[in-house]
Amino acid sequence: MRENSWLSYTEEDDKNVEVLAQEYKEFLSKCKTERECTQYFIKEAESHGYQDLNKLIAQGNRLKAGDKVYFINRDKNIFLAVIGANPIADGFSVVGAHIDSPRLDLKPNPLYEDTSLAYLKTHYYGGIKKYQWVTIPLAIHGVIALKDGTNVEVRIGEEGDDTTFVITDLLPHMARKQMEKKLSEGIEGEDLNLLIGSIPFDDDKVNEKVKLNIMKILNEKYGIIEKDFISAELEIVPAFKANSIGFDRSMVGGYGQDDRVCAYTSLQAILETEKPEKTAICLLVDKEEIGSIGNTGMESRMFETFLGELLRLHKEDTDINVMNRCLALSRMLSADVDGAYDPIYASASEKRNASFFGMGVGLNKYTGARGKSGANDANAEYVASLRKLFDDNKVRFQISELGKVDEGGGGTIAYILANKGLNVIDCGTPVLSMHSPYEVSSKFDVYMSYKAYKVFFE
């Protein structure tokens, strides 16, 4: 029977939990986009002796046991590896997480004015409850790519008394018709428009004076014109900072914990891995929230490209049969969060097979939906090997599934790697209010996720 594990921990363990949680909160507050996460991970990797694989390729260098390398794909995902004592072709250990999170993206032609108010139009990314994104402080993060080849970085709404933005909602006094709608229809996607200004430009010869004043401000600060929005990647994210939650400070609240809690803990785990027997690989990828497609998602062939370069620089055969054999001999933890049991919404879960706060990292043998459609469904022998590994190393874990059979379901990157032949299981931190602008995790479970990934690499 599962038990709350806080009481079984020592004073030293409690200290480790809190230290990791504090560093994790700082990461969450700083990194709210894939590009920001990737830049953070590069700095962390280089400070731990990792080298850029592309530079090693250009220099004609070779890899040997103990070498640490990273590979960047279009500034939106990063692969890290510690070369093991055994040949890479004999298989590797990989932990893979995603660094994209549900959010609002600006449309290509976003700026408009209506009755002396200026707005930016958005298109939501990933699975959100649209009503959760109104009347909260929002920030703008991202890049604007100019025709001259330079990128303008944008980060507004995070520092000190910096301005923030908001999507308005209808007051209850006038919202009778709105409140009679289904919850999913109360806020329409086309109404998620960001309020950005109300002061007009002082010129009677122009129309849309407020819009023009906004462009004047943006031009002075960033050197852009309205057409530059066409080649921009600007994300609207909550402006909150991550904080401890509860009188006992036992939890973390913050945006983007799906799946940055697993990305952060898997990164920390590989940074502390020095001389593994099998090559250790950490995948931190993009686009999971919209199906893992695209050239920065797990469905792309960039991982095979990375693996092929590791084999080549390690003086190993890169033949396709060798690659396929290597994948088939490898094992993976798909590091993605699980929906924690919420007693307020107990009817959505089957209690015997749910994950609970404070009881450790969650293992999902299968995800998918209804009749396991789209699931990986890890084999029994692989699950047994992980049970032994975690028990031998005092890693608290729990087995769960995402919701009741006919109500729950979801997907991760697990099936994509399983299709390539790897042994894979989902293994991640239970989270409350998943996909909301402010998710909640247990500090204990965050620590257990880190510990699980670390012993897996070693």
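In this text the structure is predicted, and so the values were computed from the model without any measurement.

Points about the overall build of the protein chain
Now for step 1: The secondary structure content of the protein chain amounts to 11 helices and 22 strands.
Now for step 2: Computed over the C-alpha atoms, the radius of gyration of the protein chain is 23 Å, within 12% of the 23 Å expected from 2.2 N^0.38 for a compact globule of 458 residues.
Now for step 3: Overall size of the protein chain, expressed as C-alpha extent along the three principal axes, is 75 × 55 × 45 Å.
Now for step 4: When the 458 residues of the protein chain are sorted by exposure, 53% land in the buried category.

Observations concerning a nonpolar patch on the surface
Now for step 1: A contiguous nonpolar patch, built from L170, L171 and M174 and spanning about 280 Å² of accessible area, is present on the exposed surface.
Now for step 2: Checked against the element boundaries, L170 lands in the loop between β8 (151–156) and α4 (176–180).

A few points about the packing of helix α6 (residues 257–271) against helix α11 (residues 443–457)
Now for step 1: For the pair α6 and α11, interaxial distance at closest approach is 8 Å and the crossing angle is 45 degrees. Taken together, α6 and α11 sit at an angle that is classed as oblique. Considering how the two elements wind past one another, α6 and α11 form a crossing that is right-handed. Between α6 and α11, the contacting residues are V261, C262, T265, S266, Q268, A269 and I270 on the first element and V446, S449, Y450, Y453, K454 and F457 on the second.
Now for step 2: When grouped by side-chain class, the residues that make up the contact of α6 with α11 number eight nonpolar, four polar and one charged.

Brief notes about the sheet that holds strand β9 (residues 193–197)
Now for step 1: Read across the sheet, six strands follow the order β8-β7-β10-β5-β6-β9 without closing on themselves; strand pairing throughout is antiparallel. Both edges of this open sheet fall to β8 and β9, since each of them pairs with a single strand only. Shown here is a sheet whose adjacent strand axes are inclined to one another by a mean of 30 degrees, direction ignored.
Now for step 2: Where strand β5 (residues 103–114) lies against strand β6 (residues 117–125), eight bridges are found, and the strand directions are antiparallel.

Comments concerning the sheet that holds strand β2 (residues 68–73)
Now for step 1: As summarised here, the arrangement of the nine strands in space is β1-β2-β3-β13-β4-β14-β20-β16-β18, forming an open sheet in which the pairing is mixed. A single partner strand is all that each edge strand has here, and the edge strands are β1 (51–52) and β18 (397–400).
Now for step 2: Packed on one face of the sheet, helix α7 (residues 302–313) meets β2, β3 (77–82), β4 (92–98) and β13 (279–285) and runs near 30 degrees to β3.

Some thoughts on helix α8 (residues 320–328)
Now for step 1: Among all positions in α8, only M323, C326 and L327 are buried. The buried residues of α8 occupy an angular sector of 95 degrees when the element is viewed end-on, so they sit on one face.
Now for step 2: Contact partners of the buried residues in α8: β4 and α7.
Now for step 3: Two or three places before N321, at the start of α8, stands the capping residue D319, its side-chain oxygen 2.8 Å from that residue's backbone nitrogen.

Some remarks on the pattern of salt bridges
Now for step 1: Within this structure, the stated rule accounts for 26 salt bridges.
Now for step 2: Among the ionic pairs, R155 bridges to E36, the shortest N-O distance being 3.0 Å. With R155 in strand β8 and E36 in helix α2 (residues 34–47), the pair connects residues that are 119 residues apart, well separated along the chain.
Now for step 3: A residue is classified by how much of its surface remains accessible, and E36, at 18% relative accessible area, is buried.
Now for step 4: For the salt bridge of E180 with R176, the shortest nitrogen-to-oxygen distance reads 3.3 Å. Of this pair, E180 and R176 both sit in helix α4, four residues apart, which is roughly one turn of the helix. Here E180 matches R176 in class, with each residue exposed.
Now for step 5: Three or more residues are tied together by salt bridges with common partners; here these are E34, R103, D105 and E235.

Criteria and cut-off values
- Residues numbered from 1 in each chain as written.
- Predicted model: local features only at pLDDT ≥ 70, side-chain atom pairs only at ≥ 80, totals over all residues.
- Heavy atoms only, no water.
- Helix = DSSP H or I, 4+ residues; strand = E, 2+ residues; numbered from the N terminus.
- Rg over C-alpha atoms; globule rule 2.2 N^0.38 Å.
- Buried < 20%, exposed > 50% of the residue type's maximum accessible area, 1.4 Å probe, protein only.
- Patch = residues over 30% accessible without salt bridge, like charges linked within 9 Å, V, L, I, M, F, W, Y side chains within 5 Å.
- Areas by Shrake-Rupley, 256 points an atom, 1.4 Å probe, with all protein chains shown as cover.
- Salt bridge = Lys/Arg side-chain N within 4 Å of Asp/Glu carboxyl O.
- Axes fitted to C-alpha atoms, helices over the stretch in contact; angles between N-to-C directions.
- Parallel < 35°, antiparallel > 145°, perpendicular 65-115°, else oblique.
- Left-handed = near helix turned anticlockwise from the far one by under 90°.
- Contact = heavy atoms within 4.5 Å.
- Nonpolar A, V, L, I, M, F, W, Y, C, P; charged D, E, K, R; others polar.
- Pairing = 2+ DSSP bridges.
- Arc of directions from axis to C-beta.
- Polar contact = N/O pair within 3.5 Å; in protein donor to acceptor, adjacent residues only side chain to side chain.

Purely geometric numbers; function is a separate question.
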